[in-house]
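Each chain, written out:
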Amino acid sequence: MFSKFVSTAAVVLAAGQLVSAQTTTDCNPMKKTCPADPAVGTTTTIDFTKGENDFFKAADGTSLTYDDTGALFTINTETDAPTITSNKYIFFGKVDLEVQVAPGAGIVTSFVLQSDDLDEIDWEWIGSDTTQAQSDYFGKGDTTTYDRGAYHDVSDPQGSVYTYSVEWTKDHVLWLINGNQVRELKYADAENGSRFPQTPMQIKLGTWCAGGNDSAEGTREWAGGYTDFSQAPFVAHYKSITIQDYSDDVSGATEYVWADGSDGSYESITVVTGDSNDTSSSTTATSTAKSTKTATSDATSTNTSDSSKTTLSTATVSATSTSTGSSSSASGTATNEDSEAGSSSNSSSSSTSSSTAAETSPVTAGAFKVGFSGAAFGACLLAAFML
């Protein structure tokens, strides 16, 4: 089992190697006028066992293969980071992903929802951790705190196919494993809503190596140590994904338009339906959640990149999951869109059984590909005092 705790020396070393997060986005609507986000607007299922599809765009350098287990995200070297990103956005909704994650120390598999202003909801797994998965979230790219991540028990995610889900509304975010809720984030619990993910998001799937010779030592420690490439290839198998776009309770959405000078709240998004003359503002949609105006985080910057990122945080939550076998998973995300989000694919028969999931606080979490977040630094310092 992958230990949730690392040595004091490792914590100090990790803290010494952290760098500021470099959160980037193609165009941040909180900073300038950006193009509208094309809407999924409906429910769609992508069956990766049937081969390539046009719902996702592959990042530069990504080459996927397909078989009856799904899309294979393969890592052979430490520079491999196969990543795909949806061409369209959801504005609240539910996403169900069937995946068998990649094995191997230092190998990270991820499933990320991310918006133009860097709201984010994550699932992540470490290849050498055969008993856990990690959930996480971010609001406006803010990595200044380290209390957002949580671990969830799951048996052998590297050897079995599980369905990992995110259901996202104005009121809350739910994380589920095989249909069983393992975590809930309420709007008010994310700094009174100011850091609650609430703007249109793309879906990003990817795998990457955190255990390479060139990886930061703290990152490598978090990810389970050096990757033994004599055991390559490391493959994650993405079997299928179902995306439901709730479109902020508006039918027939075609795109989501950000108000000029958006404060990053869902109320600043207009849902366009049918033709461009048919619009519905989110400010008129019914919601029990109180919207809080959100300020632009200093951690957020604007840049051009098609790649995804992952996240880092810590937390404690109770959970229930269904699964079989023995599994491991943990993850952190340093917000860095210039690095490519990872996700690997491995093949195996799908299997479900029941098991009780309990979450505990991760001491440190990893950076995405190259960067380590300020949150990671705080987590490491906290861990040093706890050890």
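**Observations concerning the overall build of the protein**
Here is step 1 of the chain: Per the secondary structure count, the protein includes three helices and 21 strands.
Here is step 2 of the chain: Per-residue burial over the protein gives 60% buried out of 387 residues.
Here is step 3 of the chain: When contacts within the protein are restricted to residue pairs at least 6 apart in sequence, those whose partners lie at least 24 apart make up 78%.
Here is step 4 of the chain: Only carbon and sulfur atoms are counted for the fraction: they give 48% of the accessible area of the protein, which is about 13,600 Å².

**Quick word on the packing of aromatic side chains**
Here is step 1 of the chain: Following the criterion strictly, the structure yields 14 aromatic pairs and no others.
Here is step 2 of the chain: Ring geometry for Phe73 and Tyr238: centres 4.4 Å apart, planes at 50 degrees, overall tilted. Here Tyr238 lies in strand 16 (residues 234-245) and Phe73 lies in strand 5 (residues 70-75), a separation of 165 residues in the sequence.
Here is step 3 of the chain: Judged by its relative accessible area of 0%, Phe73 is buried.
Here is step 4 of the chain: Classification of Tyr238 by relative accessible area gives buried; the value is 0%.
Here is step 5 of the chain: Seen from their ring centres, Phe92 and Tyr266 are 6.1 Å apart, and the 70 degrees between their planes marks the pair as edge-to-face. Here the residue Phe92 occupies a position in the loop between strand 6 (83-86) and strand 7 (93-100), and Tyr266 occupies one in the loop between strand 17 (253-258) and strand 18 (269-273), the gap between them amounting to 174 residues.
Here is step 6 of the chain: Note on Phe92: relative accessible area 3%, which makes it buried.
Here is step 7 of the chain: The structure contains a cluster of three or more aromatic residues connected by ring pairs, namely Phe91, Phe92, Trp168, Tyr256 and Tyr266.
Here is step 8 of the chain: For the cation-ring pair, Arg183 lies above Trp175, with the distance from its terminal atom to the ring centre recorded as 4.6 Å.

**Some details on the nonpolar core**
Here is step 1 of the chain: In terms of nonpolar packing, the biggest core is built from 57 residues, with Phe111, Trp123, Ile203, Leu205 and Ile241 touching the most fellow members.
Here is step 2 of the chain: Counting residues per element, this core draws most heavily on strand 16, at five residues.
Here is step 3 of the chain: Within the second largest apolar cluster, eight residues are counted, among which are Val108, Ile126, Ala210 and Trp222.

**A word on the state of the cysteines**
Here is step 1 of the chain: In the structure shown here, the tally under the stated rule is one disulfide.
Here is step 2 of the chain: Here Cys27 is linked by a disulfide to Cys34, with a sulfur-sulfur distance of 2.0 Å. The S-S bond linking Cys27 to Cys34 shows a torsion near -85 degrees; that makes this disulfide left-handed. Neither Cys27 nor Cys34 differs from the other in exposure class; each is buried.

**Quick look at the confidence of the model for the protein**
Here is step 1 of the chain: Of the residues in the protein, 65% have a pLDDT of 70 or more, and the chain-wide mean is 75.
Here is step 2 of the chain: Below a pLDDT of 50 lies the segment residues 1-23, which in the model reaches 59 contacts outside its immediate sequence neighbourhood of four places, other chains included.
Here is step 3 of the chain: The low-confidence segment residues 282-387 (pLDDT under 50) makes 480 contacts with residues lying over four places distant or belonging to another chain.

**Focus: the pattern of salt bridges**
Here is step 1 of the chain: The final tally for this structure, using the stated rule, is five salt bridges.
Here is step 2 of the chain: A network of salt bridges, in which partner residues are shared, links Asp117, Asp119 and Lys140.

**What about the side chain of Gln132?**
Here is step 1 of the chain: Tracing the backbone through its elements, the reader meets Gln132 in strand 10 (residues 132-138).
Here is step 2 of the chain: Overall, Gln132 belongs to the buried group, its relative accessible area being 0%.
Here is step 3 of the chain: Polar side-chain contacts of Gln132 include one of 2.7 Å to the side chain of Asp129.

**A few points about the sheet that holds strand 9 (residues 120-126)**
Here is step 1 of the chain: With respect to topology, seven strands assemble into an open sheet ordered 3-6-15-8-9-10-11, the strand pairing being antiparallel. Each having just a single partner strand, strand 3 (56-58) and strand 11 (150-153) make up the two edges of the open sheet. This sheet shows a mean twist of 20 degrees between the axes of neighbouring strands, independent of strand direction.
Here is step 2 of the chain: With three bridges connecting them, strand 3 and strand 6 associate as antiparallel partners. Looking across to strand 6, one finds that Lys57 is bridged to Thr85.

**So, the pairing of strand 14 (residues 180-186)**
Here is step 1 of the chain: Here strand 13 (residues 172-177) pairs with strand 14 via six bridges, running antiparallel. Across the sheet, the residue bridging to Leu176 is Gln181, located in strand 14.
Here is step 2 of the chain: What sits between strand 13 and strand 14 in their antiparallel hairpin is a turn of two residues, with Asn178 showing a positive phi close to 50 degrees.

**Here's the deal with unusual backbone geometry**
Here is step 1 of the chain: In this model, Ala232 is joined to Pro233 through a cis peptide bond whose omega is 5 degrees.
Here is step 2 of the chain: Within the secondary structure, Pro233 is located in the loop between helix 2 (217-222) and strand 16.
Here is step 3 of the chain: We note that Asn192 has phi near 55 degrees; this positive angle belongs to a residue other than glycine.
Here is step 4 of the chain: One can find Asn192 in the loop between strand 14 and strand 15 (201-209).
Here is step 5 of the chain: Even without a glycine there, the phi angle at Asp248 is positive, about 55 degrees.
Here is step 6 of the chain: With respect to the element layout, Asp248 can be found in the loop between strand 16 and strand 17.

Criteria and thresholds
Residues numbered from 1 in each chain as written. Predicted model: local features only at pLDDT ≥ 70, side-chain atom pairs only at ≥ 80, totals over all residues. Heavy atoms only, no water. Helix = DSSP H or I, 4+ residues; strand = E, 2+ residues; numbered from the N terminus. Buried < 20%, exposed > 50% of the residue type's maximum accessible area, 1.4 Å probe, protein only. Contact = heavy atoms within 4.5 Å. Areas by Shrake-Rupley, 256 points an atom, 1.4 Å probe, with all protein chains shown as cover. Phe/Tyr/Trp six-rings, centres within 6.5 Å; stacked < 30°, edge-to-face > 60°. Lys NZ or Arg CZ within 6 Å of the ring centre and 35° of its normal. Core = buried A, V, L, I, M, F, W, Y, C linked by side-chain atoms within 4.5 Å. Disulfide = S-S within 2.5 Å. pLDDT = per-residue confidence, 0-100. Salt bridge = Lys/Arg side-chain N within 4 Å of Asp/Glu carboxyl O. Polar contact = N/O pair within 3.5 Å; in protein donor to acceptor, adjacent residues only side chain to side chain. Pairing = 2+ DSSP bridges. Axes fitted to C-alpha atoms, helices over the stretch in contact; angles between N-to-C directions.

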